[in-house]
Structure formats: C-alpha cells, structure tokens
Amino acid sequence: MTIAATFEIEYLQYLDANGEPVGDLPPAFKDPEALLPLFKQMLFVRTFDTKAIALQRTGKLGTYASCLGHEATHVGIGASMEKDDVFAPSYREYGAQFMRGVQAREILLYWGGDERGNDFEGPRNDFSWSVPISTQCLHAAGAALAFKLRRQKQLAVACCGDGGSSKTDFYAALNSAGAYELPLILCVVNNGWAISVPRSAQTGARTLAQKGLAGGLHCLQVDGNDLIAVLEGMRRCAERARKGEGGSVIEFLTYRLHDHTTADDARRYRDDAEVKDAWTRDPITRLRTYLTARKLWSEDEEKAWLEECGKKVDVEINAYLETPVQPVEAMFDYLYADPPPDLLEQREAAIALDRKAKEARA
Ligand SMILES: Cc1ncc(C[n+]2csc(CCOP(=O)(O)OP(=O)(O)O)c2C)c(N)n1
Ligand SMILES: [Mg+2]
C-alpha cells in the first residue's frame, strides 16, 4: 500500500481536572504567579455572567448568551493577542473581549438592544459580535489578508462554535488562510452543543481541529478548561503566524454549562447527568486548586476579590441602566447615506407613532 499522506492532531493538556500538572509545563507558563491575574479575570467574567443573567431574568436585559464554563478558553484567547491584532468574536466571548478592553457596559448595552454597544471604545479595530454563524471567520480572513499584503505582523483571530465549524463560511475562511498563508487563527470553541444539537450529531469528523488539515493549516486540539493549555496553544499558533508560517485551527474542548441563551431551556434536550459531569471539569475550580496548592490563592482572597468584582460589575450595570435610550428614528439612521423613500416614510411613521405613545402616557 502506498500512503499519499498521513496526519496527526496534537492534543494539549497541562493541568488535569483535579488541577494537577500532567507532565512538564510549557516554559512560557511555568510560573504559577503569572497566571494569577488571569485567574482573577476568570472570576470577574463569571461574576459578570451571573449578574447579566439575573438582569435578564428581572426584565432589565434582552436575550443574553451566557459564557458559563468557557472562562479559561475565552480569557486565554484574549490574553494571547496583542493590542493591534484584530479579534472577530461570535456572541459569547466576553472573557476575550474584556482582555481586549471591551467594557461590560458595552456588552450589556448590546444585549439590551442598543447597537451602540457594538461600537467598542477600546479595541477600535475589532469586529462587532456576529450572530450569523461563522460569518466572522471570513471577516477575520479578510483582515489577515490585509495584514499580509501590507507586510504587517498582526494577527486576526476569529472564534466560532462547534456548530459554526459546519458552516461554509468556516471552510471558505480556512481555505483562503491555507492558500494565501494568512496570519489567521480560527478558534473553534467546542462547547458540546449548538443550541439543541449535540457535538455527536454535528459532524462525522473525529476532531474539529482536523477540519483545518484539508486547507493546509496547522491544527491543534486543546483542553479548553485548562488555561495553561489554551495559552500555550495560542502562543504556538500566534508565533507561527507572526513568522509568516500561516494560519491555524485550534479546537478548544470545553462545555456550555448554561442554556444556549436566556431564551432557551436546555433541560428539554440535555441530560442533567451530562451537565453534572461537565462541572467536574470546571476551568475555575481547576486553576483555583492549582494556585491554592502553591499558596498563591486562598478562600479569604477569593471572598475579597469576588466582592470587588461584584462592585465593579454593579458600576457597569448602573452605567448601562442610566444610558438614555436612542430616539426611535435611530434604527433608520445608520445604514444608508441616502435612505430610499420608502424607508424615509417608515421613519416618519415611527416618529409619529412614538409621539402618540408618549402623549398617551403623559
Ligand atoms: C447563519 C445562521 N444560521 C442559524 C443561526 C441560528 N443559531 C444561532 S446560535 C446557533 C448554534 C451555534 O452553535 P455553536 O456554533 O456551537 O456555538 P455556541 O452557541 O455553542 O457557542 C444557531 C444555529 C444563526 N444565528 N445564523
Ligand atoms: Mg457550541
């Protein structure tokens, strides 16, 4: 038999589910103290997430996509990028976005139905959230092509889900990254579910990482609940890309511990036992155990930090709640330089209706 080609997918895990190191730690992340700020950031993200869900449940926020369980993957991705890189998120990577300077009040504004939340004050060149699945992979590939043509050393990083990795846009993005050797990292955040479709029904592929092989990309599978593995996977792929060695697909194995969004009830299609089992791999517990065993963290410190996180998030919530709503015509005002006549008619009708409603309330 003649073999035309053989492939392997490397898997990275450095801390097991009990927070114990598995073999040698990567030299770049050997110092546990350096992980402390990122651990604290993961706790901040969880505090934010919990409060955002509570806001939705009390009618103060629209539909919200929780990131519960994704903290190590998201924070690790954000921490691995340089300021002038470009990030193209899907819709739940708040941990990465906080690392890039997006404010919690912007996230709340967006899920509160105000598009101004998409206009990030911090990372001006990052893309806005992309709810149409995986379209952001193409946007990131375009940014990566621009970096390459301009001979700039920046990277473009896109996140999509396990479900998103079935979309044509994902394949088109990885194909162009391979063909043009683009500085692109496609992060497939495999959280086990695409709304109610489990990973097992999503694809016949053994790993989602291997999808990149067909396009000639570097491919890795990473334990996405192990912050060190996330950081090391990203470090390797970023280094390759900055050296001009092309793009990568990284599959991060994690789990969606909450419903798909607050508009979903996962108990209708998902076994409680599966969720209970997934909690044993919680990324925060794992890193806490690792840091506590090295005397770098304690229960008292966590209590104090969580209190601080709560206060910080409350400031953001108040800023969100106090943001004056836009006038009703704003929804017509930012798409066309010269709006077509029928849209102008609708605009006038909306203003009149709004005025009537206000008069009725007065
Ligand atoms: C093009 C497109 N088709 C369908 C949907 C509806 N939809 C919203 S989220 C989702 C599932 C996405 O799952 P996955 O990619 O695994 O990401 P996750 O939500 O798990 O982070 C679908 C099908 C959409 N937003 N866009
Ligand atoms: Mg998913």
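Being a predicted model, the structure only gives us computed values, none of them experimental.

### What to know about the overall build of the chain
A count of helices and strands for the chain gives twelve helices and eight strands. For 362 residues, the compact-globule estimate of 2.2 N^0.38 gives 21 Å, and the C-alpha radius of gyration of the chain, at 22 Å, lies within 12% of that figure. Reported as C-alpha extents along the three principal axes, the dimensions of the chain are approximately 75 × 55 × 40 Å. Counting across all 362 residues of the chain, residues that qualify as buried make up 43%. Taking all contacts inside the chain whose residues are at least 6 apart in sequence as the whole, residues at least 24 apart take part in 74%.

### Things to note about the site of ligand 1
Of all residues adjacent to ligand 1, which total 15 residues, the nearest are Ile133, Gly161, Gly163, Gly164 and Ala194. Residues of the shell around ligand 1, tallied by class, amount to seven nonpolar, five polar and three charged.

### Here's the deal with the sheet that holds strand E2 (residues 86-88)
Read from one edge to the other, the open sheet built from six strands follows the order E1-E7-E8-E4-E3-E2, with strand pairing classed as parallel. The open sheet has two edge strands with one neighbour each: strand E1 (10-12) and E2. Each adjacent strand pair in this sheet contributes to an overall mean axis angle of 20°, direction not counted. Taken together, the six bridges between strand E4 (residues 184-190) and strand E8 (residues 248-253) define a ladder with parallel strand orientation. Bridge assignment links Cys187 to a residue of E8, and that residue is Ile250. Contacts from helix H5 (residues 135-149) reach E2, strand E3 (156-161) and E4, with the element oriented near 165° to E3. Strands in contact with helix H8 (residues 227-242) are E1, E4, strand E7 (218-223) and E8; relative to E7, the strand with the most contacts, it is inclined by about 165°.

### Focus on the domain arrangement of the chain
In terms of domains, the chain is made up of domain 1 (10-321) and domain 2 (328-361). One C-alpha centre belongs to domain 1, the other to domain 2, and the line joining them spans 38 Å.

### A look at the environment of Glu345
Along the chain, Glu345 falls in helix H12 (residues 341-361). Owing to 11 C-beta atoms within 10 Å, Glu345 belongs among the exposed residues under this scheme. Spatially, the C-alpha atoms of Glu345 and Ala172 are 39 Å apart, while their sequence positions differ by 173 residues.

### Observations concerning unusual backbone geometry
The backbone of Ser134 sits at a positive phi, close to 65°, despite the residue not being glycine. With respect to the secondary-structure elements, Ser134 resides in the loop between helix H4 (104-111) and H5. Residue classification places Ser134 among the buried residues on the basis of 25 C-beta atoms within 10 Å. One non-glycine residue, Lys295, lies in positive phi territory at about 60°. Topologically, Lys295 is positioned in the loop between helix H10 (283-293) and helix H11 (299-321).

### Regarding H8
Compared with an ideal rise of 1.5 Å per residue, which puts 16 residues at 22 Å, H8 spans 22 Å between its outermost C-alpha atoms and is within 8% of the ideal. Of the positions making up H8, those classed as buried are Leu227, Ile228, Ala229, Val230, Leu231, Glu232, Gly233, Met234, Arg236, Cys237 and Ala241. Just past H8, the residue Gly244 takes up positive phi, approximately 85°.

### What to know about H10
Among all positions in H10, only Pro283, Arg286, Leu287, Tyr290 and Leu291 are buried. Buried residues in H10, looked at end-on, bunch into an arc of 120°, giving them a common side. In this structure, the buried side of H10 is in contact with helix H1 (36-57), helix H2 (71-79) and H8.

### Things to note about the pairing of E3
The two faces of the sheet receive side chains in turn, since in a regular strand these alternate between them. For E3, the buried fraction is high: six of the six residues fall into the buried class. Examined bridge by bridge, E3 and E4 share six bridges and lie parallel to one another. The residue of E4 that forms the bridge with Val157 is Ile185. Handedness of the E3-helix H6 (residues 168-179)-E4 crossover: right-handed.

### Some thoughts on the environment of Val189
Relative to the assigned elements, Val189 resides in strand E4. For the pair Val189 and His74, spaced 115 residues apart in the sequence, the C-alpha separation amounts to 8.8 Å. Contact partners of Val189, with chain neighbours within four places excluded, come to His70, Thr73, Cys159, Gly161, Gly224, Phe252 and Thr254.

### Quick word on the nonpolar core
If you look at the biggest cluster of nonpolar residues, it comprises 86 residues, and the most contacted ones within it are Ala140, Ala156, Val157, Ala158, Leu186, Cys187 and Ile250. Beyond its immediate stretch of four places on either side in the chain, Ala158 contacts Ala88, Gln136, Cys137, Ala140, Leu186 and Cys187.

The rules behind the values
- Residues numbered from 1 in each chain as written.
- Chains lettered and ligands numbered in written order.
- Predicted model: local features only at pLDDT ≥ 70, side-chain atom pairs only at ≥ 80, totals over all residues.
- Helix = DSSP H or I, 4+ residues; strand = E, 2+ residues; numbered from the N terminus.
- Rg over C-alpha atoms; globule rule 2.2 N^0.38 Å.
- Buried ≥ 20, exposed ≤ 12 C-beta atoms within 10 Å, placed from the backbone.
- Contact = placed C-beta atoms within 7 Å.
- Near = placed C-beta within 6 Å.
- Nonpolar A, V, L, I, M, F, W, Y, C, P; charged D, E, K, R; others polar.
- Pairing = 2+ DSSP bridges.
- Axes fitted to C-alpha atoms, helices over the stretch in contact; angles between N-to-C directions.
- Domains from an automatic or database assignment.
- Expected span 1.5 Å × (residues − 1).
- Arc of directions from axis to C-beta.
- Right-handed = clockwise from strand over helix to strand, strands pointing away.
- Core = buried A, V, L, I, M, F, W, Y, C linked by C-beta atoms within 7 Å.

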